[in-house]
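Letter by letter, the chains look like this.
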Amino acid sequence: MIHALKHQSLFRPSSRPTSPSPTSSPDSTMVIDKSRPLLSFRRPPSSSPATSPSPPVPLVQDGSYLGALSLRLSEAVSSALAQPTGPAAPNESVGGRRPIPAGRGHALGVLIASELNATRNNAHLQRAILRSLHKPLSVLLTNLSALLLPLLSSPMFLQPSALTTQAPSSNGMQLHALAVVNFSGELLSSLNDLALGLEHDVRGDGLKPIREGLVSLIGRVVNLLIGGIKSDLMPLIEALESPASVAVHKSPTKTGPVLHPSIIALQSLMPVYTRALARYTTTLPSQAALATLLISVVWRALIALSHRPVILPSPQTPPSNLPQMVPTLSKWQRVSSGNTPPVTPPAARFTFKLPPSRPPSPPTTAVTSTAAADARELYNLLSLLPRPPADSEATKVAREAVDEAFAVLKALAPLLEAIDNPFFELNKSVEQITAEIDSLSDDLPTLIALPVLLRTRTLGRPSTSGASTVASIINIPEDEYRKSCLAGFGRAEQCGPIVAQNVLDALHALPGPELQSFLVNWLEIRVGQLDH
């Protein structure tokens, strides 16, 4: 018995108790999807959306708060410029480095905002935080300048100088520089939201040099890229001043207006320039460079179109490639003189004439584009380019200046079309013509409308090419006149009254009948308006 009590099997159940049988219900029945394999080692995708990174949590404001904040800001600056993980695209790797990813400047600004907002009710602690920002932001500005210096000094940075239809994408160096621009713009946007580094430093944060340094970095990159576009765009705009003939096929159907070769080239380039400028001018400081480019291009187009000379139609002459028509004698009129043998007919006369393998190409004719058609199409093309935003107070003035320049270019086309119309003066008195011209040129500067009237109608007579320019009337060289009076919208507005009065005095010195010209009446109205 004693040995039997020591045996452990007496205190252990002979068998494991059976589990209760599960109750089956219609809802608990397992449905096997035969389309999926039974053995799957993949984790099923989560149905919950991806969580966005949580905002930074402010530090605990204890005795070591300022030291911990300085360390945190230094780490944030270092991580902002750290290399991103993952493989790089073939066209964005420069020296084994990748561009700064988008959003890092905004993340740094959010960190600064969270610490300042947490100490909103403690003015002394806020000033201490602002002082703690000087060192890490100065280090950040130095590192950004070091990143840009080898990029901007490389001759490959502007290769090509502007994007083309063959190369519509930026090269690797431009992508790295634009990444620095975007980072600086994001950080500047955060400083604007916090009212830090402003021109009038009320709080005394001392961050104005940081703001100016970021703006300078943006300007160094954007000005170079926009300058490349301007250097390629200006020659096409300046070529509009010279009339050009285009070969057009004669067709019974009506086609569109004939355009200048520069306009045809801009039709393919303008979408590329639009995408490039939209990428270059994402930051607020870059809007000033964009406005300067648009205004200068529009002004140069106004000068070119308004000063285009008129090509008088030449008398019709037979084409040089046609054979001369020589009268021939009939076989009854052929008289052999002396011992001259009869002319043997050519061998081609006895061969069969087969139809040509392909129909002849339609005949072409040389047509010169009109300044009015070119002005309308150029306005439509330039309207594709981005403009400074109108909803921002910082860019409101720049947007108004750009809109005014485009309004002048739009108003030039109706004046050109009316003056070039040969029936414009038909059955109209001088007073009626003057009133209509004054209405068409109401939005145009005097120095833009005046050459249009001079080049098409000189005192009621058609002008010849190269005669009766504004510079020749006031007796100064053409180059000097353009440099001193046509340098821009503001300069033209200043010189407009003086030039108009000098031209009017020169016209008054002509014989009496010419004083009834609509040009004299229009100048008298303009001078009277400008004097007031």
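Only a predicted model underlies this, so the values are computations on that prediction, with no experimental measurement involved.

Attention now goes to the confidence of the model for the protein chain. Averaged over the protein chain, the pLDDT score is 79; the fraction of residues at 70 or greater is 71%. Taken element by element, the predicted model of the protein chain shows its lowest mean pLDDT in helix 1 (residues 2-6) (44) and its highest in helix 8 (residues 287-306) (96). Scored below 50 in pLDDT, residues 1-17 makes three contacts in the model with residues more than four places away or belonging to other chains. Between residues 22-52, whose pLDDT stays under 50, and residues either more than four places distant or in other chains, the model counts two contacts.

What follows concerns empty space enclosed by the protein. As enumerated under the stated definition, the model contains one cavity of 30 Å³ or more in all. Its boundaries defined by the atoms lining it, the largest cavity holds a volume of some 40 Å³. What lines the largest cavity is Pro160, Ser161, Ala162, Leu163, Gln174, Leu225, Ile229 and Tyr280. For the lining of the largest cavity, a count of residues per class yields six nonpolar, two polar and no charged.

So, on to the environment of serine 472. On the secondary structure map, serine 472 appears in helix 13 (residues 470-473). The class for serine 472 is partly exposed, based on a relative accessible area of 40%. Spatially, the C-alpha atoms of serine 472 and valine 503 are 9.8 Å apart, while their sequence positions differ by 31 residues.

Here we take up the pattern of salt bridges. Here the structure, examined in full by the defined rule, presents eleven salt bridges. For glutamate 241, the salt bridge goes to arginine 300, with nearest N and O atoms at 3.7 Å. A residue pair is termed long-range when its members are at least 10 positions apart, and glutamate 241 in the loop between helix 6 (208-238) and strand 1 (245-249) and arginine 300 in helix 8 qualify at 59 residues. Residues glutamate 241 and arginine 300 agree in their burial class; the two are buried. The partner of lysine 428 in a salt bridge is glutamate 436, with the nearest N and O atoms 2.9 Å apart. A relative accessible area of 29% means that lysine 428 is categorised as partly exposed. Several salt bridges share partner residues, and in doing so they unite Glu238, Glu241, Arg300, Glu478 and Arg482 into one network.

Attention now goes to the packing of aromatic side chains. Per the counting criterion, the structure on display carries two aromatic pairs. Geometrically, the ring pair formed by tryptophan 299 and phenylalanine 489 is tilted, given 4.6 Å between the ring centres and 55° between the ring planes. Of this pair, tryptophan 299 sits in helix 8 while phenylalanine 489 sits in helix 15 (residues 489-508); the two residues are 190 residues apart in sequence, bridging distant segments of the chain. Look at tryptophan 299 and you get buried, because its relative accessible area is 5%.

Here is what the cut-offs are and how they apply
- Residues numbered from 1 in each chain as written.
- Predicted model: local features only at pLDDT ≥ 70, side-chain atom pairs only at ≥ 80, totals over all residues.
- Heavy atoms only, no water.
- pLDDT = per-residue confidence, 0-100.
- Helix = DSSP H or I, 4+ residues; strand = E, 2+ residues; numbered from the N terminus.
- Contact = heavy atoms within 4.5 Å.
- 1 Å grid on protein atoms, 1.4 Å probe; cavity = no way out; pocket = protein on both sides within 12 Å on 5 of 7 lines; lining within 4 Å.
- Points joined across faces, edges and corners; volume = space filled by probe spheres on them.
- Nonpolar A, V, L, I, M, F, W, Y, C, P; charged D, E, K, R; others polar.
- Buried < 20%, exposed > 50% of the residue type's maximum accessible area, 1.4 Å probe, protein only.
- Salt bridge = Lys/Arg side-chain N within 4 Å of Asp/Glu carboxyl O.
- Phe/Tyr/Trp six-rings, centres within 6.5 Å; stacked < 30°, edge-to-face > 60°.

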